[in-house]
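# Fold and geometry: a report
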Amino acid sequence: MSTFEGERIAKVIARAGVCSRRDAERLITEGRVKVNGQILGTAATNVTRRDVVLVDGQPLPQQDETRLWRYHKPAGLVVSHRDPQGRPTVFEKLREQLPRVVSIGRLDINTEGLLLLTNDGGLARFLELPASGWIRHYRVRAFGQVSDQQLAAIAKGVEIDGVRYGPIEAKIERVQGGNCWLTIAIREGKNREVKRICEHLGLQVNRLIRTGFGPFQLGDLARGGIEEVPPRVMKSSIGPSFFKDKHADRRRKVQGS
Ligand code: URA
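Just so we're clear, the structure is a prediction, and the values are computed from it rather than from any experiment.

This part is about the nonpolar core. With 33 residues, the main nonpolar core has Leu117, Val140, Ile168, Leu182, Ile184, Val194 and Leu203 as its most contacted residues. Listed by contribution, the elements that provide at least two residues to this core are β7 (68–73), α3 (90–94), β9 (112–118), β10 (136–143), β11 (158–160), β13 (168–176), β14 (179–186) and α6 (193–200). Among the elements that take part in this core, β14 stands out by supplying four residues, more than any other. Split by domain, this core shows at least three residues from each of two domains, domain 2 (68–131 + 216–241) and domain 3 (135–213). When residues no more than four places from it in sequence are discounted, the contact partners of valine 194 are Tyr138, Val140, Ile184, Ile186 and Leu208.

Printed below as a string of structure tokens:
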């Protein structure tokens with residue numbers, strides 16, 4: 001601890017997400033901050049990484065930076081941390097390569113393509129909210145025939161078995177024997193949404209590939225491949241509102257102390 005080296009203690013406490021700088025100064029005057037075992041008498045103190053800072057007896061939280069990965073999920077893996085039926089899961093597959101992560105939304109076992117993974121559960125919840133409005137793009141191979149008119153008829157959404165599905169942008173890419181390839185873009189990602197829409201059109205999906213999710217693309221990521229989204233790209237793609245709230249959440253937790 002010194003007055004010359006390092007950084008002002010209130011700044012260090014605030015950056016760790018414990019509270020605002022001003023609240024940190026208040027905690028110091030209330031005698032709630034210890035440095036290297038001694039109650040701090042003044043906020044005019046600098047600390048370095050070597051100093052042990054406790055607030056109300058607790059060490060400063062380790063801040064894990066939010067990280068995001070693009071994963072090319074192969075067919076045959078379940079998107080779940082534990083599968084009651086014992087089928088192989090995405091998370092087992094990636095355990096060696098990644099820290100603990102959660103998926104942003106899910107894909108069915110036989111669906112392939114882009115799955116976003118993050119170490120930040122708050123980010124996953126934020127992006128799964130309907131308000132995020134991120135468009136999901138799929139390529140679909142399905143058995144059966146469909147017309148442009150049928151696809152136009154569902155463009156504004158459709159109700160199937162009492163469930164309302166929002167706008168659907170669907171195009172025929174090509175016809176191949178008894179199958180057709182379609183591109184489908186939807187905004188919600190309800191349970192089995194693409195398959196249900198296709199069934200409603202009289203088609204039976206036999207391959208489903210997610211090619212895009214919001215601003216992120218599958219691109220030429222190899223099957224089973226994983227790539228971290230550079231932090232700067234992640235932040236600009238997700239937008240500032242999540243990151244502002246994330247820091248505010250951390251502060252709120254401690255201000256109540
Ligand atoms: N729609 C589906 O039917 N399945 C998926 O995995 C994703 C979208």
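Further notes follow.
Accessible area lost on assembly of the parts is the figure often given for the size of an interface. Domain boundaries assigned for the protein yield domain 1 (7–62), domain 2 (68–131 + 216–241) and domain 3 (135–213). The distance between the C-alpha centroids of domain 1 and domain 2 comes to 36 Å.

The environment of the ligand is formed by Leu107, Asp108, Thr111, Tyr138, Arg192, Glu193, Val194, Lys195 and Leu208. The separation between an oxygen atom of the ligand and a polar side-chain atom of threonine 111 is 2.8 Å. Lysine 195 is positioned such that a nitrogen or oxygen atom in its backbone is 3.0 Å from an oxygen atom of the ligand. Here the ligand has 240 Å² of accessible area as a free molecule, and 96% of this is covered by the chains. If you tally residues by element for the shell around the ligand, the top one is α6, at three residues. Considered class by class, the residues forming the shell around the ligand number four nonpolar, one polar and four charged.

All chains considered together, the criterion is met by four aromatic pairs. With centroids separated by 5.7 Å and ring planes inclined at 90°, the aromatic side chains of tryptophan 134 and phenylalanine 213 adopt a geometry described as edge-to-face. On the criterion of sequence distance, the pair formed by tryptophan 134 in the loop between α4 (121–128) and β10 and phenylalanine 213 in strand β15 (residues 204–213) is long-range, its members being 79 residues apart. As far as burial versus exposure is concerned, tryptophan 134 and phenylalanine 213 are alike and both buried.

Here the focus is helix α2 (residues 21–29). For α2, the complete set of buried residues consists of Asp23, Ala24, Leu27 and Ile28. Buried positions in α2, seen along its axis, are confined to an arc of 145° and lie on one side of it. For α2, exposure combined with an orientation more than 90 degrees from the buried face picks out Arg22 and Thr29. A positive backbone phi angle near 75° is found at glycine 31, which sits one or two residues after α2.

What follows is about unusual backbone geometry. Among all residues except glycine, the phi angle is most often negative; among peptide bonds, the trans geometry is most common. Positive phi, close to 50°, is recorded for asparagine 36, a residue that is not glycine. Unusually for a residue other than glycine, aspartate 161 sits at a positive phi of about 50°. Along the chain, aspartate 161 turns up in the loop between β11 and β12 (163–165).

Here eight bridges tie β13 to β14, and the two strands are oriented antiparallel to one another. Along β14, the bridge assignment pairs alanine 170 with isoleucine 184. Once β13 ends, the chain turns through two residues before running back antiparallel as β14, passing glycine 177 with a positive phi of about 60°.

Mapped onto the secondary structure, glycine 225 falls in the loop between β16 (216–217) and β17 (226–228). Taking the C-alpha atoms as reference points, glycine 225 and tyrosine 165, 60 residues apart in sequence, are found 31 Å from one another. Among all residues touching glycine 225, those that are not within four sequence positions of it are Arg70, Tyr71 and His72.

Moving on: the environment of glycine 121. Within the element layout of this structure, glycine 121 appears in helix α4. For glycine 121, a relative accessible area of 29% gives the class partly exposed. The spacing of glycine 121 and serine 103 is 18 residues in sequence and 8.6 Å in space, taken between C-alpha atoms.

What counts and what doesn't
- Residues numbered from 1 in each chain as written.
- Predicted model: local features only at pLDDT ≥ 70, side-chain atom pairs only at ≥ 80, totals over all residues.
- Heavy atoms only, no water.
- Core = buried A, V, L, I, M, F, W, Y, C linked by side-chain atoms within 4.5 Å.
- Buried < 20%, exposed > 50% of the residue type's maximum accessible area, 1.4 Å probe, protein only.
- Helix = DSSP H or I, 4+ residues; strand = E, 2+ residues; numbered from the N terminus.
- Domains from an automatic or database assignment.
- Contact = heavy atoms within 4.5 Å.
- Near = heavy atom within 4 Å.
- Polar contact = N/O pair within 3.5 Å; in protein donor to acceptor, adjacent residues only side chain to side chain.
- Areas by Shrake-Rupley, 256 points an atom, 1.4 Å probe, with all protein chains shown as cover.
- Nonpolar A, V, L, I, M, F, W, Y, C, P; charged D, E, K, R; others polar.
- Phe/Tyr/Trp six-rings, centres within 6.5 Å; stacked < 30°, edge-to-face > 60°.
- Arc of directions from axis to C-beta.
- Pairing = 2+ DSSP bridges.

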